[in-house]
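Remarks on the overall topology
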Amino acid sequence: MTEETATDTTTAPDGDPIMTVKLDPPGLPPWWVVRERLRDRLDAGPARRLTTVIGPAGSGKSTLVADWAATGRAGRRVAWLTLEPADDQPGVFWSYVVAALDRCGVEVPARRRHADADAVDRSFLVRLAVGLAARSEPAVLVLDNAHVLARESVVDGLQFLIEHAGAQLRVVLVGRVDPPLPLHRHRLAGSVTEIRHTELAFTPVEAQALLAAHGSPVEAAAAAALTAQTNGWAAALRLEARAHRGPDVEQVSSELAEYIRTELLAEQTPATRELLLSTCVAEQLPAGLAVELTGRRDAVQVLDRLAHEGVFVTVAVADERSYLHHPQVRAVLLDVLSTVPEERIAGLHRRAARWYAASGRWLAAIPYAVRAGEWELAATGVVRGMVIACFLDGPEADRCARAFTPLPPELDTAEAAVVHAAVAHHLGDQEACAKHLLRAAEMAGAARDPGLPLCLATVELARAAPDDRAGAAESAWHALDAALAAGAAVPAKLSARIRLARGESLLLRHDLTGARQVFQVVADDPGTFAGEAHDLLGGLALAEALTGRLRRAGEHARQALEHSAGNGGPLSAAPELALAWVGADEYDLAAARLHSERTGVRLTARPDALLTGLLTLVRARIHRARGDVARAAEVLEQPRDGMPSWLGELLGLAHTALLAPGTFPRAPGNTDQHALAEATAALAAGDTDRARSTVAALTGDPDLPVDMRVDGWLVLAGADLTDGHRDRARRALQKALTLAEAERLRRPLIEASPLLRRFLREERNLSVRHDWLGASPATAPAAGAATSPMVVEPLTAKETEVLGHLAQLLSTEEIARTMYVSVNTVKTHVRGVLRKLAVTRRNEAVRRARDLGLLRGGVAGNG
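For the structure given in this document, a descriptive report is provided here. What you are looking at is a predicted structure, and each value in this text was computed from that prediction instead of being measured.

Comments concerning the overall build of the chain
Scanning the chain from N- to C-terminus turns up 45 helices and 10 strands. Over its C-alpha trace the chain gives a radius of gyration of 41 Å, far above what one expects of a compact globule, namely 29 Å for 863 residues. Considering only C-alpha atoms, the chain reaches an extent of 130 × 85 × 50 Å along its principal axes. Taking all 863 residues of the chain together, the buried fraction comes to 52%. Sequence separation of at least 24 residues holds for 66% of the intrachain contacts in the chain that already meet a minimum separation of 6. When the accessible surface of the chain is split by element, carbon and sulfur atoms take 52% of a total near 37900 Å². If you average the places of the 97 positive and of the 107 negative side-chain charges in the chain, the two averages end up 6 Å apart.

Here's what the structure looks like:
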């Protein structure tokens, strides 16, 4: 480059005038959102000579730097140059750089007219660098669209200027890809600040502000969803804002697709576009699959570059080199792919299916195999992936059945037969289901893959009639056990389905220990079972309740209710029933009544004979505790269709105990419940020896329900007391109290015989030591007595005072004035009184308090 006399900077070396519009930063649009975190990142650059802001088209990078410059935070001297492809010539480039510096007030000694557009001499660059380094005030040079700079002489000159202008010049490069500068040297020297696409992406809060600025305000959750959908890409968010504001969503989608085609895909090489097109069939793209789909050994290197640049793919799993297409870019690519011959599309899916199958990832292989029509591979994937449960019921069943309806009937494999059977079951064709199951069993033989017998047993379980369900559940349980022993990764949905069926069958047999063991796995790790946790935890809670482990039952039941959200179909009544059972046993009648009502609602939507029978018993206990023995007996007389025999016997024994307390069971029996009823009747008849011998085995059996063991000790205490052995009676009663206290089991003690309640009242040491029982059990009603139940939770002093005022028929306002408290405080105390006395009206509370000895002469006492 030759130097002439100094002239103005209004023309380029080729004689064309300098286009000053390129020297102005872009104006800030009215919808611009201030992004303080990125302003701060730009502020951090003065200590470094170079700042790069790199991101895809439409990511808001130029506007971000323009906003930063407009705030004054960049300093007073900011030279801006928006580059074009024609500027990638040394003479043209440096003419514009000098013009930009001159425009912002930076006097450069090297201003000369350049006669040659293709070269500049070293003297020019030296003079420019020295002149800038000598300035007292620093300057910032912003080069927008820096990705157009590719010529080596231009890039080398820019690097020379950055290195030799010193701290008085800061260069900010804004572009779509990294500039061809030796960035590694700048990184090692700590002289570069890099802002990449991951930082340019809008956060949910910023996206919400952007949408609001476009006149399309949305809630935070919607903004977060849009941010995830667009990966925070500003251009897509702006178009989404337009779609929210206007009715023509299709036009906006079309504009976004066109923008992706023209601004993003068009600037890629044909080879890169072909790679993106071949890989877009995969939602997640492992590195090996990318090589398989493209046939290119360098596919991973290309994907790494695209992930580095930002908009096309992101790294999904760094450890296994897996990638994700940007969702909206992928949609455009799939749209383009739909125009190619079907054979090519099927071929890509076939490659993906076989690649996943070869690596043993059967679940991932299935959708590609279905799309490619590789039916044998698809059926094998269902069985080896053990996802057969998805075909049987639930929200995915319809989709799975539709997808496999074209499964060829002539495909004669055991796996295909199992899938045919599952689809037939879902469609209600039980005859076809049975035929396919028989064929699958014939071909399965000694299958090495544990998934085949497990899937076969699962479909058999699904179609089993109620009378056959226990056997089918046991077969499925053995198949599950074998699969787990073989190290198979059984999906949680399938495992939960079989565990639930097995646990329910054990509950029907009254094998409470076995049921607890089957269900316990969900308590150890409820998150693993996701949507199935509700039913499993409910079954565990019910098993715990029936064994008298009330605290664990309540804990698991509440945990089950927390997992009810998102469950498809009617919910199991087991968690609510467990809470009702716990409430009745703890004598928290309000809670028992509430949860029994909720249980009834759930049973209406999802009937179950076992749960219905247990609810009958709970309701009878509530009525009996409230003193309504006739209503309790009426409840127990309801039909017992479909109930297991042990439960029918339990209801019958409860009915006899209500209407004819102290009488022997009408029907013979050999269950523990029957033995306890016989012992109670023998004690009532004065046959204490028979009572003792009958319950001797019950009290020491740790596997029996806690309430039965407590009842057994109470029978022994009653027998000893009847025989005048007060010390022995005291020890037996202490045993009962200790057992019951661990679970806060009040019912057996509160409903004990009058003889035992009187004895407990007299034994002050026992009464004081076991004050968890509440009011003295001496006030509790005997079976058959039409009296009110005792107060389980004692009234506070203030509640007792309020009760006395209620007995005097004072209004709420009058009680408040009398006690010098607020009306709301009085209402709180009244609610407490009603709850603890298990009534709903004030006059009922007064009557019940008198019956219990809590009111004397109309005034509340301490009873």
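So, the packing of helix H42 (residues 797–807) against helix H44 (residues 823–836)
Between two packed helices, both the angle of their axes relative to each other and the distance between the axes serve to describe the pair. In contact at an axis separation of 9 Å, H42 and H44 are set at 90° when each is read in the N-to-C sense. Judged on the interaxial angle alone, H44 and H42 are roughly perpendicular. Across from Lys 798, Glu 799, Val 802 and Leu 803 in H42, the residues of H44 making contact are His 829, Val 830, Gly 832, Val 833 and Lys 836.

Examining the pattern of salt bridges
Evaluation of the coordinates by the stated rule reveals 51 salt bridges. Across the salt bridge formed by Asp 24 and Arg 103, the nearest N and O atoms sit 3.0 Å from each other. Of this pair, Asp 24 sits in the segment before helix H1 (36–43) while Arg 103 sits in helix H3 (residues 90–103); the two residues are 79 residues apart in sequence, bridging distant segments of the chain. Overall, the relative accessible area of 32% leaves Asp 24 in the partly exposed class. For Arg 103, a relative accessible area of 45% puts it in the partly exposed group. Arg 185 is the partner of Glu 163 in a salt bridge, and the nearest nitrogen-oxygen pair spans 2.4 Å. Of this pair, Glu 163 sits in helix H5 (residues 152–164) while Arg 185 is found in helix H6 (residues 183–189), placing the two residues 22 residues apart along the sequence.

Considering the sheet that holds strand S4 (residues 169–175)
Ordered by their spatial adjacency, 5 strands build an open sheet running S2-S3-S4-S1-S5, and the pairing between neighbours is parallel. Edge strands, defined here as strands with exactly one partner in the open sheet, are strand S2 (78–82) and strand S5 (192–195). If you compare each strand with its neighbour and ignore which way they point, the axes differ by 15° on average. In this structure, strand S3 (residues 139–144) lies alongside S4, joined through 6 bridges in parallel fashion. Across the sheet, the residue bridging to Val 140 is Arg 170, located in S4. Packed on one face of the sheet, H1 meets strand S1 (50–54), S4 and S5 and runs near 160° to S5. Strand contacts of H5: S1, S3 and S4, with the helix running at about 145° to S4, the strand carrying the most contacts.

Topic: the environment of Ser 136
Summarising the element assignment, Ser 136 is placed in the loop between helix H4 (122–133) and S3. Of the residues examined, Ser 136 reaches a relative accessible area of 76% and is grouped as exposed. Once the C-alpha coordinates of Ser 136 and Gln 168 are considered, the two residues, 32 residues apart in sequence, prove to be 7.7 Å apart.

The rules behind the values
- Residues numbered from 1 in each chain as written.
- Predicted model: local features only at pLDDT ≥ 70, side-chain atom pairs only at ≥ 80, totals over all residues.
- Heavy atoms only, no water.
- Helix = DSSP H or I, 4+ residues; strand = E, 2+ residues; numbered from the N terminus.
- Rg over C-alpha atoms; globule rule 2.2 N^0.38 Å.
- Buried < 20%, exposed > 50% of the residue type's maximum accessible area, 1.4 Å probe, protein only.
- Contact = heavy atoms within 4.5 Å.
- Areas by Shrake-Rupley, 256 points an atom, 1.4 Å probe, with all protein chains shown as cover.
- Lys, Arg positive; Asp, Glu negative; His and termini not counted.
- Charge placed at Lys NZ, Arg CZ, Asp CG, Glu CD.
- Axes fitted to C-alpha atoms, helices over the stretch in contact; angles between N-to-C directions.
- Parallel < 35°, antiparallel > 145°, perpendicular 65-115°, else oblique.
- Salt bridge = Lys/Arg side-chain N within 4 Å of Asp/Glu carboxyl O.
- Pairing = 2+ DSSP bridges.

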